[in-house]
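Chain residues, written in single-letter form:
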Amino acid sequence: GGLQVCCAYIKHNDPELQSLACEVVASAVQNNEKIAHFASETYVLGDLLKLVDNSPHDGVRIKSLLAVSCLVRGNEGALDKFNKLEGYNVVVRALQSPLQKLQVKSLFLVSAVCADSPQQCSLYCSMGVPHQLFAMCDKLATEATHDPAVLLTLKLLLKLVEGGDVQFPPNAADSLAALRDRLGGESLEEEREICKKLISLCPPPTDDIDR
């Protein structure tokens, strides 16, 4: 049908058509359970993941990750296929990207699947995602505090700390305190509260333990 024709454009060599096809897929799978089932049972998810990883066009990578996220969130069958295709590796690589929009979409996707499944929390903890998030917090503490990634980073970090086996880096409390202190204004109250909660979960310094 029409979706099959649209999905064919995911493999097109024109990045504008690829991006548009990804947008259509993202919209379609959110609003129609049958379409979501079709997309998760065919080659579509694999093609989208290849674009996220390999497209030379930033816009295509962002739109294809949007489509992956829309397909996988709240769709157990699609999440199973995502894991079989090792989509988690693709998303973790996207999380390391310098593209802010790609980072934000990665954070959103990982947060959503971890909220649905404790097994997903354990998976991403085992892949070192908390370590990446601590490093991102360290970087965000020296940058603009209205970065949209701040809240998503903190929320996901808290989710993983509470739901998995997380090794805190030695400077975690200091880094989170520095980030908290930069988050001024009422609009950033939620971010500050998550920082405080994470600081309270940090283990005491080793010299305190020795005493």
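Rules used throughout
Residues numbered from 1 in each chain as written. Predicted model: local features only at pLDDT ≥ 70, side-chain atom pairs only at ≥ 80, totals over all residues. Heavy atoms only, no water. Helix = DSSP H or I, 4+ residues; strand = E, 2+ residues; numbered from the N terminus. Buried < 20%, exposed > 50% of the residue type's maximum accessible area, 1.4 Å probe, protein only. Contact = heavy atoms within 4.5 Å. Salt bridge = Lys/Arg side-chain N within 4 Å of Asp/Glu carboxyl O. pLDDT = per-residue confidence, 0-100. Phe/Tyr/Trp six-rings, centres within 6.5 Å; stacked < 30°, edge-to-face > 60°. Lys NZ or Arg CZ within 6 Å of the ring centre and 35° of its normal. Core = buried A, V, L, I, M, F, W, Y, C linked by side-chain atoms within 4.5 Å. Disulfide = S-S within 2.5 Å. Expected span 1.5 Å × (residues − 1). Axes fitted to C-alpha atoms, helices over the stretch in contact; angles between N-to-C directions. Parallel < 35°, antiparallel > 145°, perpendicular 65-115°, else oblique. Left-handed = near helix turned anticlockwise from the far one by under 90°.

Before going further, it helps to spend a moment on the environment of Glu 186. Examined against the element boundaries, Glu 186 turns out to sit in the loop between α12 (172–182) and α13 (189–201). On the basis of relative accessibility, which here comes to 76%, the residue Glu 186 falls in the exposed class. Taking C-alpha positions, Glu 186 is 26 Å from Ala 115, a pair spaced 71 residues apart along the chain.

Looking now at the environment of Pro 15. Positionally, Pro 15 belongs in helix α2 (residues 15–31). Each C-alpha atom of the pair Pro 15 and Ser 55 lies 8.9 Å from the other, and the pair is 40 residues apart in sequence. With residues up to four places along the chain from it excluded, the contact list for Pro 15 reads His 57 and Val 60.

Okay, the pattern of salt bridges next. Within this structure, the stated rule accounts for eight salt bridges. For Arg 192, the salt bridge is made with Glu 189, and the minimal N-O distance between the two is 2.5 Å. In this pair, Arg 192 and Glu 189 both sit in helix α13, three residues apart, roughly one turn of the helix. For Arg 192, a relative accessible area of 16% puts it in the buried group. Residue classification places Glu 189 among the partly exposed positions, given a relative accessible area of 34%.

Here the focus is the confidence of the model for the protein. Per-residue confidence for the protein gives a mean pLDDT of 89; residues scoring 70 or more make up 95%. Element-level mean pLDDT values for the protein span from 53 in helix α14 (residues 206–210) up to 96 in helix α7 (residues 87–95).

The next subject is the packing of aromatic side chains. Taken as a whole, this structure holds one aromatic pair when the rule is applied. With a centroid separation of 5.4 Å and an interplanar angle of 50°, the aromatic rings of Phe 134 and Phe 168 are classed as tilted. Separated by 34 residues along the polypeptide, Phe 134 in helix α10 (residues 129–140) and Phe 168 in the loop between α11 (149–163) and α12 bring together distant segments of the chain. Phe 168 matches Phe 134 in its accessibility class, with the two residues each being buried. Directly above the ring of Tyr 43 sits Lys 11, whose terminal nitrogen or CZ lies 5.3 Å from the centroid.

Inspection of the secondary structure puts Ser 69 in helix α5 (residues 58–72). Judged by its relative accessible area of 4%, Ser 69 falls in the buried class. Once you skip the residues sitting within four places of it in the chain, Ser 69 turns out to touch Phe 108 and Leu 109.

The next subject is the nonpolar core. Residues Val 25, Val 68, Phe 82, Tyr 124, Leu 154 and Leu 160 are the most contacted members of the largest nonpolar core, which totals 72 residues. It is α11 that provides the largest number of residues to this core, a total of nine residues. Once residues lying within four places of it in the same chain are set aside, the contact partners of Leu 154 are Cys 137, Leu 176, Leu 179, Glu 191, Ile 194, Cys 195 and Leu 198.

This model, assessed by the stated rule, comprises zero disulfides. Between Cys 6, a cysteine without a disulfide, and Cys 7, which holds the nearest cysteine sulfur, the sulfur-to-sulfur distance is 5.5 Å. Since its relative accessible area comes to 12%, Cys 6 is described here as buried.

Glancing now at α10. Its twelve residues give α10 an end-to-end C-alpha distance of 16 Å, which sits within 8% of 16 Å, the value for a rise of 1.5 Å per residue. For α10, the full list of buried residues reads Val 129, Pro 130, Gln 132, Leu 133, Phe 134, Met 136, Cys 137 and Leu 140. Among the structural elements, α7, α8 (100–116), α9 (118–126), α11 and α12 are those in contact with the buried residues of α10.

We now examine the packing of α2 against helix α3 (residues 33–41). Direction vectors running N to C along α2 and α3 enclose 125°, while the axes themselves pass 5 Å from each other. In this view, α2 runs oblique relative to α3, as classed from their interaxial angle. Relative to α3, the crossing made by α2 is left-handed. Contact residues: Ala 28, Val 29 and Asn 31 in α2; Glu 33, Ile 35, Ala 36 and Ala 39 in α3.

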